[in-house]
Amino acid sequence: MRIPVNPIEREFFYNDIANKCMVSLDERKADYQTLRSFYLFGSGPDEAPAHFNKIFPHIDQLASFLYSAETTRFSITLGASVNREEQAKVPVLTQALNDEWINSNADQIFSQALSWSLCFNSMFIKLVYNKGIHPYVVEPGTVGVLREDSAHTDRQEAICQWYYITKSELYNRLYKHPKREEIVRRVNATEKSSQEMPQGVERLIMSQVNPTMYGNVNLDLGGVSRYRARVAEDLVEMKELYIWNDDIDDYQFVTIASPDVVIYDREIASVYLKGEVPLIQVCPNPQYDYYWGISEVSRLIYLQQMRNKRMSEILDLLNKQVSPPTALVGFMGIPDEKNFALNRAGGLLYTDSPNAKVEQLAPQIPNDLFREIDQIDSMFAEASGIVSVLQGRGESGVRSAGHASQLARMGASRAKRRALVVEDALEKVATMYLKLMRRYEDRSYKDINNMPFIAEQFSNDFVVKVDAHSNSPIFMEDTRQLAFNLFKAQAISKERLIDLLEPPMKQLLKDDLKKQEANAAQQQQAQAPSQVPTPQSSAGPANMPLKQVQ
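Visitor: Can you explain the layout of surface pockets? Please cite residues and give values.
Guide: Of the volumes computed, that of the second largest pocket is approximately 1,300 Å³. In terms of lining residues, the second largest pocket is bounded by 35 residues, among which Arg73, Asn98, Asp499, Glu502 and Lys506 are the most central. Those elements that place two or more of their residues in the lining of the second largest pocket are β1 (74–78), α4 (90–103), α14 (476–488), α15 (494–501) and α16 (506–527). For the lining of the second largest pocket, the element with the most residues is α4, which contributes nine residues.

This is the structure in structure tokens:
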């Protein structure tokens, strides 16, 4: 993309690109609000919470199959042209990468991003380096792209992120800017408003106000927390724009404050990494012609609504069974008083009419009242590919543990396919971690040959992979069986077996193994001289009795 050189034209160009990136933002935010409400409460934003929200535990279970923060570990794969001497640095950098991943809390950040990407359609992880790597979760309602019909971030010519910061924080970030005071005077700071309903609904209601609004409000007087953050401090609306600049063959990183004040205009390589955007998309259900992908919750909304309707009908039926409708035949007077007397303890109802009678119209409760609820729950599992065996439930006809394990492997094919999609995003984040370590960290390491080096001296032709699909618990049993089979075939050592199994206190077990091997070698050396045969003379065996010699 060609960026104008004239400062005025350049500023107009940036604002125009940012507006084009945000063209679908309001529409998507309304959709995200509905998806969020169904994910948290099992009902729409303007409805009371469901009696039982099936969507939340279902998404929670699905996310646990796709990613496990406890077992995930990484390995570094070098390119084909890299010198083999670089392999000596790989084990040390792999350990440093895994330590940095845990210490920066990236495992939990990715877990949150994955869960909410199943709720929405995408989530983003933003990596910021400030005396260490800091990952952040960015929701898709604050990000826009120039081409929503292209499904990959690296194919976008422009990406824009929209966020809020306080005026004091903006002043602190501009401590080196030459126009610091002028920029702070020009920006606008207002209280962030939280929209409680989609724009289309709000316009429909507000258009009927002339001068008073009439209608019914579904108001829950008990109050339900909607988990919406409220900020009283005045905030500044900010935009970060990433535009591919053909002249420098890199991204142009532009920071804009409201109202359209360009604060920074620089190459991305000066503050981050050349050719890389710090936003990594997490999209478990990608779509080839829609950048944001498909929401997992969207395909479960109608099932949840069907479940809510049936549960309301069942509860109403049970209420009628407990307190059935009553028919008073032949009674005179006020019916409400007689009904009150019938429904209280020790109540007395009297009449002198000989034809008077009381009939209770209790409904018949079917034996399979909850069968339809069970069928709807099975539809939830079918929608996401979670079979009964994966949920820990028994199957009819299973004869042995091997049979159940085989059924679990065959039934997990859909979940495995999606876990591999999540694994790609996980590898992208981990690769960016190592690239940031190469550029910014000056920590000294020692390779397996005890030679010192820093991360910047490592080859730039590498990619970080998830080791043995350890991000998903579905693959773990297969990995364990493979590890033991390789050890039985003497293809790997005991130390490599420990690395593959990832047991608790892994490093202590490896140290104990080294001590045992060292003690066994010392004992073998100590026993070696006693096993040497005594030399014999050519005349005959030594110490032979005299009679035998004669």
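Visitor: Please provide a residue-by-residue account of the pairing of strand β8 (residues 250–257), values included.
Guide: The buried fraction of β8 amounts to eight of the eight residues, a majority that puts the element mostly inside the structure. Pairing of strand β7 (residues 234–245) with β8 involves eight bridges; the strand directions are antiparallel. The residue bridging Asn245 from the neighbouring strand is Asp250, located in β8. Linking two consecutive strands that pair antiparallel, namely β7 and β8, is a turn of four residues; a positive phi of about 55 degrees is found at Asp249 within it. When β8 meets strand β9 (residues 261–267), the two strands line up antiparallel, connected through six bridges. From the neighbouring strand, Gln252 faces β9, where its bridge partner is Glu267.

Visitor: Break down the packing of helix α2 (residues 25–41) against helix α5 (residues 106–119) for me, with residues and values.
Guide: Angle between the axes and distance between the axes: these two values describe a pair of packed helices. Taken N-terminus to C-terminus, the directions of α2 and α5 make an angle of 110 degrees; their axes are 9 Å apart at the nearest point. As summarised for this structure, α2 and α5 are arranged roughly perpendicular, according to the angle between their axes. Here Leu35, Arg36, Tyr39 and Leu40 of α2 lie close against α5, whose contacting residues are Ser115, Trp116 and Cys119. Class assignment of the residues belonging to the contact of α2 with α5 gives a composition of five nonpolar, one polar and one charged.

Visitor: Account for the sheet that holds strand β2 (residues 123–129), with residues named and values stated.
Guide: Hydrogen bonds between backbone atoms are what pair the strands of a sheet, whose relative direction is either parallel or antiparallel. On the basis of which strands lie adjacent, the open sheet formed by three strands has the order β3-β2-β10 and antiparallel pairing. Each edge of the open sheet carries a strand with a single partner, namely β3 (133–138) and β10 (279–282). Here the strands of the sheet are splayed against their neighbours by 25 degrees on average, with no regard to which way each runs. Pairing of β2 with β3 involves six bridges; the strand directions are antiparallel. Paired with Phe124 across the bridge in β3 is Val138.

Visitor: With reference to specific residues and values, describe α2.
Guide: Taking 1.5 Å of rise per residue, the 17 residues of α2 would be expected to cover 24 Å, and the 24 Å separating its terminal C-alpha atoms lies within 8% of that figure. Inspection of α2 places Leu25, Arg28, Ala30, Tyr32, Gln33, Leu35, Arg36, Ser37, Phe38, Tyr39 and Phe41 among the buried residues, and these make up the whole buried set. Against α3 (55–66), α5, β4 (143–145), β5 (158–166) and α9 (301–322) lie the buried residues of α2.

Visitor: So what's going on with the packing of aromatic side chains? Residues and values would help.
Guide: The tally for this structure, following the rule as stated, stands at 18 aromatic pairs. Residues Trp244 and Tyr251 carry aromatic rings whose centres are separated by 5.0 Å and whose planes lie at 85 degrees to one another, so their mutual orientation is edge-to-face. Taking the relative accessible area as the measure of exposure, Trp244 reaches 24% and is therefore partly exposed. Through a chain of ring-to-ring contacts, three or more aromatic side chains come together here, namely Tyr32, Tyr39, Phe56, Trp116 and Phe120. Above the face of the Trp292 ring, Arg28 is positioned so that its terminal group lies 3.9 Å from the ring centre.

Visitor: With reference to specific residues and values, describe α3.
Guide: Each full turn of the α-helix corresponds to 3.6 residues, which orients residues three or four apart in the same direction. For α3, spanning 12 residues, the distance from its first C-alpha to its last is 17 Å, which sits close to the expected 16 Å at 1.5 Å a residue. Within α3 the residues assigned to the buried category are Ile55, His58, Ile59, Leu62, Ala63, Phe65 and Leu66. Taken end-on, α3 shows its buried residues confined to a sector of 155 degrees, consistent with a single buried face. Elements in contact with the buried residues of α3: α2, α5, α9, α11 (371–384) and α13 (413–440).

Visitor: Lay out the pairing of β1 with the relevant residues and their values.
Guide: Looking along a regular strand, one sees the side chains alternate between the two faces of the sheet. Of the two faces of β1, the one lined by Phe74, Ile76 and Leu78 is fully buried and the one lined by Ser75 and Thr77 carries no buried residue. Note: β1 against strand β15 (residues 462–466), five bridges, orientation antiparallel. Across the sheet, residue Ile76 finds its bridge partner in β15, namely Val464.

About the criteria used
- Residues numbered from 1 in each chain as written.
- Predicted model: local features only at pLDDT ≥ 70, side-chain atom pairs only at ≥ 80, totals over all residues.
- Heavy atoms only, no water.
- 1 Å grid on protein atoms, 1.4 Å probe; cavity = no way out; pocket = protein on both sides within 12 Å on 5 of 7 lines; lining within 4 Å.
- Points joined across faces, edges and corners; volume = space filled by probe spheres on them.
- Helix = DSSP H or I, 4+ residues; strand = E, 2+ residues; numbered from the N terminus.
- Buried < 20%, exposed > 50% of the residue type's maximum accessible area, 1.4 Å probe, protein only.
- Pairing = 2+ DSSP bridges.
- Axes fitted to C-alpha atoms, helices over the stretch in contact; angles between N-to-C directions.
- Parallel < 35°, antiparallel > 145°, perpendicular 65-115°, else oblique.
- Contact = heavy atoms within 4.5 Å.
- Nonpolar A, V, L, I, M, F, W, Y, C, P; charged D, E, K, R; others polar.
- Expected span 1.5 Å × (residues − 1).
- Phe/Tyr/Trp six-rings, centres within 6.5 Å; stacked < 30°, edge-to-face > 60°.
- Lys NZ or Arg CZ within 6 Å of the ring centre and 35° of its normal.
- Arc of directions from axis to C-beta.

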